[in-house]
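So you can see what is in the structure, the chains are spelled out below.
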Amino acid sequence: MKKIKKQITASLIMIRPRHFNFNLETAENNHFQKEEKILSDEKILKKAIKEFDNLVDKLLKNKINVTVIDDREDVKTTDSVFPNNWISFHQNSLVFIYPMFSENRRKEKRKDILEKLDNEYEIKKIIDFSSYETDSIFLEGTGSMVLDRQHKICYASISERTNKLALKDFCKKASYEPIIFKSYQKVGAKKKLIYHTNVMMCVAEEYVLICLDLVHNKDEKKNIINTIQKTKKEIIEISEKQCNSFAGNMLQVSNIKNDKFLVMSNSAHNSLEKEQRIKLLKYNKIIHSDLTLIEKLGGGSARCMIAENFLQKK
């Protein structure tokens, strides 16, 4: 019997931080990151752990299956709370490992996590793109790519962290159609490339939430709209201001009873207009949690903190 392609999963993997802090290397092209001038490192970590635990608690209370893996004590990784950048898990038992822009983030890749999952889940093949790092070619997982898993479409905004060569390699090996474009954000008086696609769009089962204003090329914008329309998903637009509050960085998940939820931060939720909220609530409930510090220092939000697990149980 042919497996039905699933867009969303009830099985999530999250990494509990142990060294969370501002990363100077990633701040080079992640313009969402802001330094913390007041709190000590100890207080930063304490607050980040609290934000992480609160989000996990909300997911668990809604009967969403979360595997929490502790960050390692002996390896300093400030951004390990964002596992979706280095690994992705697919319904056909494939696992991809990705080339990371920041040298200090490459330490986040962990064989022990794969070994742990291999005991429980079917893993047929691990495809490791890490060798691209040698040539400064990067593709940061489901940060760089927003996947329509039902229709095998890969939306990707090209940037220093999302290279066309690696992207096409992924699409070939995973059988996805690439939809490639560039999106820009205002940084002071300049317009700079958005570092990750998942801060400006989110693909759910029935809709795509997207900031089309950030795509300046008319043909690219038209191609995105036409592609989404062909999949019969509703387009829910957000503004650049909402993007800056991480309204693009959301993820639709399900629970063990097949109820659907859209996971986001408080800042993303607070930025939504009433009409947008009504549209979203038509399709799923909303889970939102305070991620202020993680967003500020890490430059990523709720979606970045979750690696979706589509592997089949053994």
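Residues numbered from 1 in each chain as written. Predicted model: local features only at pLDDT ≥ 70, side-chain atom pairs only at ≥ 80, totals over all residues. Heavy atoms only, no water.

## Brief notes about the sheet that holds strand β14 (residues 251–254)
Pairing in this open sheet of three strands is mixed, and the strands run β14-β15-β16 from one edge to the other. Both outer strands of the open sheet, β14 and β16 (285–289), are each paired with one neighbouring strand and no more. Geometrically, the sheet is characterised by an average inter-axis angle of 30 degrees between neighbouring strands, direction not taken into account. Judged from the five bridges that link them, strand β15 (residues 260–265) and β16 form a sheet pairing that is parallel. For Ser265, the partnering residue across the bridge sits in β16 and is Ser289. The strands touched by helix α2 (residues 41–61) are β15 and β16; relative to β16, the strand with the most contacts, the crossing angle is about 160 degrees. Sitting on the sheet, helix α9 (residues 274–283) is in contact with β14, β15 and β16, with an inclination near 115 degrees to β16. (Pairing = 2+ DSSP bridges. Helix = DSSP H or I, 4+ residues; strand = E, 2+ residues; numbered from the N terminus. Axes fitted to C-alpha atoms, helices over the stretch in contact; angles between N-to-C directions. Contact = heavy atoms within 4.5 Å.)

## Examining the sheet that holds strand β2 (residues 65–70)
Judged by pairing direction, the sheet is mixed, and its three strands sit side by side in the order β2-β1-β17 without closing on themselves. Here the strands that pair on one side only, and so sit at the sheet edges, are β2 and β17 (307–308). Pairing between strand β1 (residues 11–16) and β17: two bridges, direction antiparallel. Residue pairing across strands places Leu12 opposite Glu308, the latter belonging to β17.

## Focus: the side chain of Thr227
Tracing the sequence through the fold places Thr227 in helix α6 (residues 218–230). A polar contact of 2.6 Å, which involves the side chain of Thr227, links it to the backbone oxygen of Asn223. (Polar contact = N/O pair within 3.5 Å; in protein donor to acceptor, adjacent residues only side chain to side chain.)

## Remarks on the nonpolar core
With 34 residues, the main nonpolar core has Tyr155, Met200, Met201, Ile224, Met250 and Leu280 as its most contacted residues. Residue assignment for this core shows that the elements contributing at least two residues are β7 (153–157), β8 (177–181), β11 (201–203), β12 (207–210), α6 and β15. Examining the composition of this core, we find that four residues originate from one element, β12, more than from any other. Not counting residues up to four positions away in its chain, the partners in contact with Tyr155 are Ser144, Met145, Val146, Asp148, Ile179, Phe181, Thr197, Met201, Val203, Ile224, Thr227 and Ile228. Formed by 26 residues, the second largest nonpolar core is a distinct cluster that contains Val56, Val81, Leu291 and Ile306. (Core = buried A, V, L, I, M, F, W, Y, C linked by side-chain atoms within 4.5 Å. Buried < 20%, exposed > 50% of the residue type's maximum accessible area, 1.4 Å probe, protein only.)

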